[in-house]
Amino acid sequence: MDIGSDNLAVLADIREISGVYEVATTSTPHGGIFGAYQLFQLVLVAELAVPGKRVISVQTVFANGGASGQPAQIKIDTLQNGRSFAFLTLTYFQGDIVVSRSEIMLTVDEEDFLHHRNAGAPPIDLPSWEPTSAGMWPGQARHWQGSGAEVAGLHYWLDEQPTPTMTRALLALITEPAVMSSMREFNVMPEASAGRMAGNVLVQTITLLEPADLVSGIVLRSTTKYAGQGRIHGDGNIVDVSGQLLATYSTTGVLRYPR
């Protein structure tokens, strides 16, 4: 699932044609389009469509798998676009098939009227974490597995800081598999049949609060809150290396034995 810098460039090559945004997709083992890849492109498209504002909230329903490796389109419906906020509906589709639909809010950052930050966590002992595969992340990663509480941690970083829009797109991308990965660390997952996955994300909600320094890196902490009746739910947050909150995410998915 390593996207690499070449695949990242393919996913970021977005073109507007007659009011619809044309995007590429990359091949996947199961044939569907990874939700993480869609989230990456949705953030890029939303900020292209509304210059001067940045994405603060993404709520996405992944309705159909789509066909990976085939072109896709993103259509935008604008509910409101004012001085401080914009509210968009983005429909990700291929032909007559709606792959996903997202409600995205964009904002203009203003001076703090009320300045409140959660105290955050104690400083993180990152050097003690184990190097691990970066997966979908185009840089490097370390991993930590909690004991007792089912909290898994991942530290991701890059060699160079991307643009603010690309940074937000990468944050959205990396949240999508996080809860599922956390579940795998603490529980036995069902074996998937050939060409299929035992679990996948159905609904993803992301809130991007603060700018992220991707050179020093970000830390994802994910907790699976529930698994049963064929479904899974969990949430997590993204903090900087000092433990200060940057973003939050919530995942609801399907988890069942393949037919």
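Before any of the text, the structure's been laid out above.
Residues numbered from 1 in each chain as written. Predicted model: local features only at pLDDT ≥ 70, side-chain atom pairs only at ≥ 80, totals over all residues. Heavy atoms only, no water.

Colleague: Explanation requested: a nonpolar patch on the surface in the structure shown.
Modeller: On the surface, a cluster of nonpolar side chains totalling about 310 Å² of accessible area is made up of L79, F85 and F87. Position of F85 relative to the elements: it lies in strand β5 (residues 85–94). You can call F85 partly exposed: its relative accessible area is 37%. (Patch = residues over 30% accessible without salt bridge, like charges linked within 9 Å, V, L, I, M, F, W, Y side chains within 5 Å. Areas by Shrake-Rupley, 256 points an atom, 1.4 Å probe, with all protein chains shown as cover. Salt bridge = Lys/Arg side-chain N within 4 Å of Asp/Glu carboxyl O. Helix = DSSP H or I, 4+ residues; strand = E, 2+ residues; numbered from the N terminus. Buried < 20%, exposed > 50% of the residue type's maximum accessible area, 1.4 Å probe, protein only.)

Colleague: Could you clarify how one ought to interpret the nonpolar core in this entry?
Modeller: Note that soluble globular proteins tend to have their nonpolar side chains buried in a common cluster. One finds F40, L90, W137 and I218 to be the most contacted residues of the largest nonpolar core, which totals 61 residues. Sort the elements by how many residues they give to this core and helix α2 (residues 35–49) lands first, with nine residues. L126, W129, V219 and V239 belong to the second-largest nonpolar core, a separate cluster that totals five residues. (Core = buried A, V, L, I, M, F, W, Y, C linked by side-chain atoms within 4.5 Å.)

Colleague: Explanation requested: the pattern of salt bridges in the structure shown.
Modeller: A pair can form between side chains of opposite charge whenever their charged atoms are brought close. This model, assessed by the stated rule, comprises six salt bridges. In this structure, D13 and R15 form a salt bridge, with 3.3 Å as the shortest nitrogen-oxygen distance. Under the relative-accessibility criterion, D13 is labelled partly exposed at 39%. Notably, a salt bridge pairs R54 with D109, separated by 3.0 Å at the nearest N-O pair. Taken together, the residues R54 in strand β3 (residues 54–62) and D109 in the loop between β6 (97–107) and β7 (130–132) connect sequence positions 55 residues apart.

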